[in-house]
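Tertiary structure, described
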Amino acid sequence: MANVRGCHIVGSVPLADTESVFRAFTNGLPHRLKRMPDGETGPRNYFTGWQFAKLPKYLQQKSDLGRPIATDPMTPQEVEDALKQLHSAGPLETGYDVAAIESYESFARLKREGVISKLTRFQVCIPTAANVLGPHVRAELQAATEPIYEAALYKALRTIQDTIPHGELAIQIDSAVDTAYWEGVLWKPYFGGGDLHAVRERIVEYTVRMIEQIDSDVEVGMHNCYGDIEHAHFMEPTSLAAVIERTARTMAKMSRPLDFVHFPVPRSANGHLESYCAPLKDILPMLKQHNTDLYLGVVHPGDVSSTKRMIEAADKVLDGNQFGIATECGWGRIPSEQVEGILGLSKAVSKPL
């Protein structure tokens, strides 16, 4: 039997409010969660879509559920005027800190009441800047906006860490648009000059820089993703090679351990699961060195057979080494009626911690 212990929740959950999410997790996944996110309920349910409204109008790039929409290019004068506004305006506010602190109050109260385990950490999911700039900022302004938006993210991270006890906190770095950049599909990076090698170097560099903002006694993890736009990926990966290479290169440059990592296993891999999962062998020594919790996105709603086949394939590649399970991505775009089924399937195919 596969050595599957524990579960991981990637992010969003289509329930009414934060407390409902926490109670659903504790009831549905008993003794299986080291970390628990707030479900990104309400306007935050569609990944970084809620950040669009946080941006000044002159920066905003309209999109179709994150997919770029063709627009007339800005004139040189429009770019000049927008840059003047950008540099003269006050700092941006992302709202990630406000949301996290508000949700932590519910988390802490439920812990005091004995609903949430004393050992469970509160998980805050925050994307790299590319996940906002790529879909939501005009292409001509992305490079200039990056340091300003990145500073806003870092400020939010600092506020979160100054408010929530470090022993209670885990921060997950979300990488989705970054994966498209890495693979050279859909979004055109605002850096690298068309050189894929340079693009990948820059992704590693800014991911490490973001991780360095997180204090050593706060847990940090990475969620690797191929998107979930109307339940479709921006490409179907043939293996885990790309996201594992990016994770390994990031870990090699970190000054601290990576506490947990999540890799997706899509249904499209069903016909070649062993070759899809094979790159796990390459990163396993590094995961052991860092004592990193590995979670694989093998849980597919309503598809017990695929979930079990994926677990068997991963277990074979990992040669019995322990891993946990998750869905591929957040649950925010699924009907709320499916939540109970996902929790039930996740519980059925995993052991308690």
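For the structure, see preceding data.
None of these values were measured; they are calculated from a predicted model.

**Focus: the sheet that holds strand β10 (residues 323-326)**
Strands sit in the order β1-β10-β9-β8-β7-β6-β5-β2 across an open sheet of 8 strands; the sheet is parallel. The strands lining the two open edges of the sheet, one partner per strand, are β1 (4-7) and β2 (35-37). Sheet twist, expressed as the average angle between the axes of neighbouring strands with direction ignored, equals 30°. Of the pairings in the sheet, the one linking strand β8 (residues 260-264) to strand β9 (residues 293-297) comprises 5 bridges and is parallel in character. Bridging from a neighbouring strand, His-262 pairs with Tyr-295 of β9. The sheet strands contacting helix α1 (residues 18-28) are β2 and β5 (121-127), and the helix crosses β2 at an angle near 145°. Here helix α8 (residues 241-253) sits on the sheet and contacts β6 (169-175), β7 (219-224) and β8; the angle it forms with β7, its principal contact strand, is near 155°.

**Looking at helix α12 (residues 339-348)**
Buried within α12 are the following residues: Val-339, Ile-342, Leu-343, Leu-345 and Ser-346. One side of α12 holds all its buried residues, which, seen down the axis, span an arc of 165°. Set apart from the buried face of α12 by more than 90 degrees, the exposed residues are Glu-340 and Ala-348. Against β1, α1, α11 (304-318) and β10 lie the buried residues of α12.

**Looking at the environment of Leu-110**
Looking at where Leu-110 falls in the secondary structure, it is placed in helix α3 (residues 96-112). In this structure the C-alpha to C-alpha distance between Leu-110 and Arg-23, which are 87 residues apart in sequence, comes to 8.7 Å. With sequence-adjacent residues up to four places away left out, Leu-110 is seen in contact with Glu-19, Phe-22, Arg-23, Val-115 and Ile-116.

**Details of the pattern of salt bridges**
Taken as a whole, this structure holds 25 salt bridges when the rule is applied. A salt bridge links Glu-19 to Arg-109; its shortest N-O distance comes to 2.6 Å. One end of the pair, Glu-19, is in helix α1; the other, Arg-109, is in helix α3, with 90 residues separating them in the sequence. A relative accessible area of 25% places Glu-19 in the partly exposed class.

**Some thoughts on the pairing of β8**
Burial analysis of β8 places 5 of its 5 residues in the buried class, the great majority of the element. Here β8 shows a buried face lined by Phe-260, His-262 and Pro-264 and a second buried face lined by Val-261 and Phe-263. In the sheet, β7 pairs with β8 via 3 bridges, with the strands oriented parallel. The residue bridging His-223 from the neighbouring strand is His-262, located in β8.

**Some thoughts on the side chain of Thr-120**
Looking at the secondary structure, you find Thr-120 in the loop between α3 and β5. Taking the relative accessible area as the measure of exposure, Thr-120 reaches 5% and is therefore buried. In this structure the side chain of Thr-120 is engaged in a polar contact, spanning 3.3 Å, whose partner is the backbone oxygen of Leu-33. Residue contacts for Thr-120: discarding those within four places in its chain leaves Leu-33, Lys-34, Arg-35, Met-36, Phe-107, Lys-111 and Glu-168.

**A short note on the nonpolar core**
Counting residues in each nonpolar core, the largest one holds 104 residues, and the members touching the most others are Tyr-181, Phe-263, Leu-280 and Leu-296. In contact with Tyr-181, not counting residues within four places along its chain, are Ala-130, Gly-134, Gln-142, Trp-187, Lys-188, Pro-189, Tyr-190, Phe-191, Leu-196, Val-199, Ile-203 and Tyr-206.

**So, unusual backbone geometry**
With phi around 60°, Asn-291 is a residue other than glycine that occupies positive phi space. Along the chain, the position of Asn-291 falls in the loop between α10 (280-290) and β9. With a phi close to 55°, Asp-319 is a non-glycine residue in the positive phi region. Residue Asp-319 is classed as exposed on the basis of its relative accessible area of 67%.

**Thoughts on the packing of aromatic side chains**
By the definition in use, this model includes 11 aromatic pairs. Both rings, one in Tyr-181 and one in Tyr-190, keep their centres 6.3 Å apart while their planes meet at 80°; by these two values the pair is edge-to-face. Arranged with centres 5.5 Å apart and planes meeting at 85°, the rings of Tyr-181 and Phe-191 form a pair that is edge-to-face. Pair noted here: Tyr-181 is in helix α6 (residues 177-183) and Phe-191 is in the loop between α6 and α7 (196-211), with a separation of 10 residues, a long-range link. For the pair Tyr-181 and Phe-191, one class covers both residues: buried. In textbook terms, an aromatic cluster arises when at least three aromatic residues are bridged by ring pairs, as seen for Phe-22, Tyr-104, Phe-107 and Phe-122.

Definitions and limits used
Residues numbered from 1 in each chain as written. Predicted model: local features only at pLDDT ≥ 70, side-chain atom pairs only at ≥ 80, totals over all residues. Heavy atoms only, no water. Pairing = 2+ DSSP bridges. Helix = DSSP H or I, 4+ residues; strand = E, 2+ residues; numbered from the N terminus. Axes fitted to C-alpha atoms, helices over the stretch in contact; angles between N-to-C directions. Contact = heavy atoms within 4.5 Å. Buried < 20%, exposed > 50% of the residue type's maximum accessible area, 1.4 Å probe, protein only. Arc of directions from axis to C-beta. Salt bridge = Lys/Arg side-chain N within 4 Å of Asp/Glu carboxyl O. Polar contact = N/O pair within 3.5 Å; in protein donor to acceptor, adjacent residues only side chain to side chain. Core = buried A, V, L, I, M, F, W, Y, C linked by side-chain atoms within 4.5 Å. Phe/Tyr/Trp six-rings, centres within 6.5 Å; stacked < 30°, edge-to-face > 60°.

That is the geometry; function is a separate question.
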